[in-house]
Amino acid sequence: MKKTLARLPVTLGVIAAVLAPMAGTAAAVVVTPSAPRTGKLTQVGPIADHGFPAWYRDSNNVRLELCNTPDDPMCPAPAGSIPNPDAPVSFPDNFPDESFYQLADSTITLTSGAKAVISTNLEAAFMNGAPAPGDQMVFGRVRIRFDAPAGERFRITHPYGVDDIVADDKKGVNMTEDTGAIPGAFGAALNGRVGPFLKWDPAVAPAAPAGYIGNPGVEHKVVGSPYNTNFVRIEQLDPATGAVIGEVGFSDLFTIQGRYATNSGLDLDQATYSRAANGTGTVDVFASSEPGQVLQITGDTTLGFHDTKLRGDANGHYYGRFPLTGTLPVNPKVEVVNISDRPAAKKTRALVDVVTGATATYDAGAQKLTVSATSSDKKGNPALSVTGFGAITPSGFTGVVAPPATVTVTSAAGGSTTVPVLANAGATFGATAPVAAATADTPALVNQTVRLDATGSAGEITKYTWTQTGGAAVTLTNAATSLATFKPTAAGLYSFKVQVDGPGGTSQATVTVTVTNVSAPKADAGVDQTVQRGKTVTLDGTKSTAAETYSWAQVSGPAVTLTGATTAKPTFTYPTQALPAAPGPNATFVANNAPVVLELTIRNAAGISTDQVVVNPQPETFSGLTVRYRTGNNEWRIAGTSSIVAGQRISVVLGSTLTGRVIGTGTVDAAGAFSIRVTGPPPGTVRTVSFISTTGGTQLGFAVDVTN
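The structure presented is a predicted model; accordingly, all values stated were derived computationally and were not measured.

A. Here's a closer look at the pattern of salt bridges. Within the structure shown, the criterion is met by 19 salt bridges. The residue Glu65 makes a salt bridge to Arg259 at a minimum N-O spacing of 2.8 Å. Of this pair, Glu65 sits in strand 4 (residues 63–65) while Arg259 sits in strand 16 (residues 259–260), and the two are 194 residues apart along the sequence. The two residues Glu65 and Arg259 agree in class, both being buried. Of the charged contacts, one joins Arg141 and Asp178 as a salt bridge, the two residues approaching to 2.8 Å between their closest N and O atoms. Here the residue Arg141 occupies a position in strand 7 (residues 136–146), and Asp178 occupies one in strand 10 (residues 173–179), the gap between them amounting to 37 residues. By relative accessible area, Asp178 is classed as buried at 0%.

B. Focus on the packing of aromatic side chains. What the rule picks out here adds up to 20 aromatic pairs. Each ring, one from Phe91 and one from Phe126, has its centre 6.1 Å from the other, and the planes form 15 degrees; the classification is stacked. Here Phe91 is found in the loop between strand 4 and strand 5 (98–109), whereas its partner Phe126 is found in strand 6 (residues 115–126), with 35 residues between them in sequence. The exposure class of Phe126 is buried, given its relative accessible area of 2%. With a centroid separation of 5.1 Å and an interplanar angle of 50 degrees, the aromatic rings of Phe286 and Tyr319 are classed as tilted. With Phe286 in strand 18 (residues 281–288) and Tyr319 in strand 22 (residues 317–324), the pair connects residues that are 33 residues apart, well separated along the chain. Given the relative accessible area of 33%, Phe286 is considered partly exposed. One aromatic cluster is present, built from ring pairs that chain together Phe52, Phe91, Phe95, Phe126 and Phe186. Sitting over the ring of Trp55, Arg63 keeps its end group 5.0 Å from the ring centre.

C. Examining the sheet that holds strand 17 (residues 267–275) more closely. Read from one edge of the open sheet, 5 strands run 21-22-18-17-25, paired in mixed fashion. Looking at which strands have only one partner, the edges of the open sheet turn out to be strand 21 (311–312) and strand 25 (352–353). Sheet topology note: the strand 18/strand 22 ladder contains 8 bridges and is antiparallel. Opposite Ser288, over in strand 22, you have His317 as the bridge partner.

D. Looking closely at the layout of surface pockets. Within this model, the largest pocket holds a volume of roughly 700 Å³. Lining the largest pocket are 27 residues, with Ala48, Asp49, His50, Asn263 and Pro343 sitting closest to its centre. Element by element, the count of residues in the lining of the largest pocket is highest for strand 24 (residues 345–350), at 3 residues. When its residues are assigned to classes, the lining of the largest pocket shows 13 nonpolar, 7 polar and 7 charged.

E. Region of the structure containing the state of the cysteines. Taken as a whole and assessed by the stated rule, the structure comprises 1 disulfide. Put simply, Cys67 and Cys75 are joined by a disulfide, and their sulfur atoms are 1.2 Å apart. Handedness here is read from the sign of the S-S torsion; for Cys67 and Cys75, about -45 degrees, the answer is left-handed. With a relative accessible area of 0%, Cys67 lands in the buried category.

Procedures and definitions
- Residues numbered from 1 in each chain as written.
- Predicted model: local features only at pLDDT ≥ 70, side-chain atom pairs only at ≥ 80, totals over all residues.
- Heavy atoms only, no water.
- Salt bridge = Lys/Arg side-chain N within 4 Å of Asp/Glu carboxyl O.
- Helix = DSSP H or I, 4+ residues; strand = E, 2+ residues; numbered from the N terminus.
- Buried < 20%, exposed > 50% of the residue type's maximum accessible area, 1.4 Å probe, protein only.
- Phe/Tyr/Trp six-rings, centres within 6.5 Å; stacked < 30°, edge-to-face > 60°.
- Lys NZ or Arg CZ within 6 Å of the ring centre and 35° of its normal.
- Pairing = 2+ DSSP bridges.
- 1 Å grid on protein atoms, 1.4 Å probe; cavity = no way out; pocket = protein on both sides within 12 Å on 5 of 7 lines; lining within 4 Å.
- Points joined across faces, edges and corners; volume = space filled by probe spheres on them.
- Nonpolar A, V, L, I, M, F, W, Y, C, P; charged D, E, K, R; others polar.
- Disulfide = S-S within 2.5 Å.

Any link to function would need more than the numbers given here.
Right, here's the structure in full:
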C-alpha cells in the first residue's frame with residue numbers, strides 16, 4: 001500500500017504531562033517495560049557542512065545519515081520543507097527546516113473507528129523554525145495521537161516502550177515526547193527512548209531496498225525494538241484501577257524511512273604550529289573519523305607543505321605533522337579532507353600556537369596571583385593574557401582576594417590552555433567567631449514559664465551562658481544551653497545576656513522581656529464572610545486578646561476540613577454543592593445551602609473564651625433561561641446565564657423539585673453562559689424543570705416549552 005509520510009511540527013523540550021485528575025488536561029505517564037532494554041543510540045557522528053551530525057550510530061552498529069534532499073524517493077526531505085525543491089540543497093538558503101535520520105509511523109484503525117498514528121522518529125530541526133547557523137538540534141520523538149472521549153484511559157505498547165495516557169476533552173489522546181531539543185547538544189538524543197533504529201524484518205519479503213532500512217511507501221514488519229515489541233498494541237484501561245478492559249487496536253506494520261550512512265565525515269579537532277626564531281617549524285593536526293578512512297591535509301604553499309595523508313589508528317584518531325617553512329599569514333588556517341567520502345568531506349580550522357609551561361601560583365598573605373607561560377611561536381612571540389585579569393607581567397596580579405580554581409592563558413596567536421591555581425604561600429585562616437542572637441517568648445505573663453532563645457546564633461558554638469542583667473531576680477533554668485527559661489512572679493522589665501563561645505572567639509547578645517499580669521482571654525473569630533463555593537476560606541482570630549492557645553471547631557453546615565485548626569488563621573475549602581446522580585430519580589436528594597458555622601476557643605491561665613463566625617455561600621441566580629423539548633426527535637435544548645462565572649457545572653432535573661430524573665448537565669463558560677442539548681428523557685405529562693449548580697444556585701419549577 002502506497003503511503004506518504006506526514007510532516008510533523010517541532011515541539012521543543014519533553015512534553016509529557018504527569019497523571020493528574022484535572023478536567024480538560026491530557027495525562028501521560030511513561031511506563032517502565034517489564035523486559036530489560038537491550039539497545040539504544042550510542043554515537044554521534046562528525047558535524048557535517050550543514051551543521052548537523054553526519055550520522056548517528058546505534059548499538060547494532062547501524063549508522064543512518066540525514067535524509068535532507070528531495071530527489072531520493074527512499075529518503076526524501078518532507079514535502080514543502082525546502083524553499084526551492086528544484087534547486088540544489090544548500091545551507092542555510094535552500095535547506096529543509098526539518099528532516100530525519102529515522103522516520104517511522106504505524107497507523108491503526110481502532111475498534112471505535114478512530115485512526116491512531118504512532119510516530120517514533122530521530123528528527124533534525126531548528127530552534128526558531130527557519131534554518132539558521134547555531135539553531136541546529138536533533139531529538140528523539142515519540143508521538144501518539146487518536147480521537148477518544150475525555151477521561152478514557154489507554155495503554156499503548158510500541159517498539160520503544162509503554163505509555164499510559166488519559167484522553168482530554170479537547171484533543172483526545174495527543175502526547176508528544178521530544179528528547180534532546182537543545183541547539184548544538186546533539187548527544188542529548190542518545191538519552192531518549194528512540195533507538196536502536198528500526199528496519200524491515202529481513203525474514204519477511206520483500207527485502208528492504210539496498211542502502212535503506214525500508215521503503216517509506218510500503219507498510220512492512222520491522223525489527224529493532226530494544227524490548228522486542230516490534231508492534232503497536234492499544235488497550236483500553238479502567239480509569240481508576242488501570243485494569244485492562246480490552247484491546248482496541250493492534251498492528252505490526254510500519255512505514256519507515258532511513259538511509260545507511262556511506263560517508264564517514266570528519267572532525268578537525270585541533271591544528272597548532274610551533275616555530276623557532278628563524279621562522280621554521282612544524283604544523284600538528286589532530287582529527288577524528290571512522291577507522292580506515294583516508295584523511296589528508298590540503299597543501300598550502302604559503303606555509304610550505306603539500307597534500308599529505310594523516311596517520312590513523314583503530315579507534316578513529318588521526319594525526320599529521322607537517323613542515324612550516326613559509327611565511328605565517330594573518331589568521332592562518334588549514335584544511336583536512338576525508339577523500340574516502342563521496343563527495344569528500346572537508347573541514348577547516350584556524351591554525352594557532354600552543355601555550356606551554358603555564359603555571360599559576362597564589363600568595364594568600366599578599367593576595368597576589370602570579371602566572372607564567374610561553375608560546376610555541378618563538379618568532380612572533382605573541383602576547384599572552386589571563387582571562388579576567390589581563391596581560392601576563394612579571395609582577396603578577398595584586399589585590400586578588402579570592403582566586404579562581406583555574407586560570408586560562410590565551411595567546412594573541414589563538415592558542416590557550418587552562419591550568420589549576422596552586423596556593424603556595426600565606427598563613428592559614430583562623431576559625432570564624434560565632435555571632436550571638438537572643439529572643440524571648442511573647443507575650444510573657446506573670447507565673448508563666450518564659451523561654452529565652454539563642455538558637456538563632458550563627459557559627460561554630462561550643463558553649464552557651466545566660467545571665468540576668470536587669471529586673472527582679474529570677475532563677476534561670478538550663479542557663480548553659482541555647483534555650484533557657486524562667487518564671488517571673490511580678491510584672492515588669494527583665495533583661496538577659498547570652499554569651500556564645502567557639503573556636504573562633506566569643507559573642508554576646510541581649511534581650512529585654514516585658515512581663516505583664518495575666519488577663520482574661522477574649523475570643524474574636526472575625527467578621528462573618530460570604531464566599532464562593534469551591535474557594536479557600538481563611539478564618540481570622542488574630543483580634544483575640546490574651547490567647548495562649550487557639551482551637552477551632554465546626555458547629556454546623558456542610559462538613560469542612562480545617563487546616564491549621566490550632567492556629568489563629570486556619571483555612572478550609574468551602575465545599576461545592578453535590579449534584580443529583582444521573583439518571584435518577586433521586587428521592588432523597590436535598591440541596592444544602594446552609595452556612596458553615598465555626599467556633600473559636602482560646603485559653604490562658606486566667607480562663608477560656610469562645611466566639612463564632614458564620615461563612616455563607618455566595619448567592620447564585622440564573623437569568624435568560626430557555627427550556628424547549630421537541631417531541632419529534634426527543635430532544636432537549638436548555639440554555640441560560642449564571643451570575644457566578646466559575647466554570648461550575650449545572651444540572652437540570654425533570655419536575656418542580658430536585659428529586660426527579662436528571663435531563664443533563666452543562667458547564668458555565670467564561671461569559672457565564674451554559675447550554676445543554678441532549679436526547680431524552682421524554683417529559684411525559686411533566687411541564688416543568690428545576691436547576692441546580694455546584695456553586696449552590698437553584699431554580700425550581702421552570703416552565704418547559706414543548707414543540708414538535
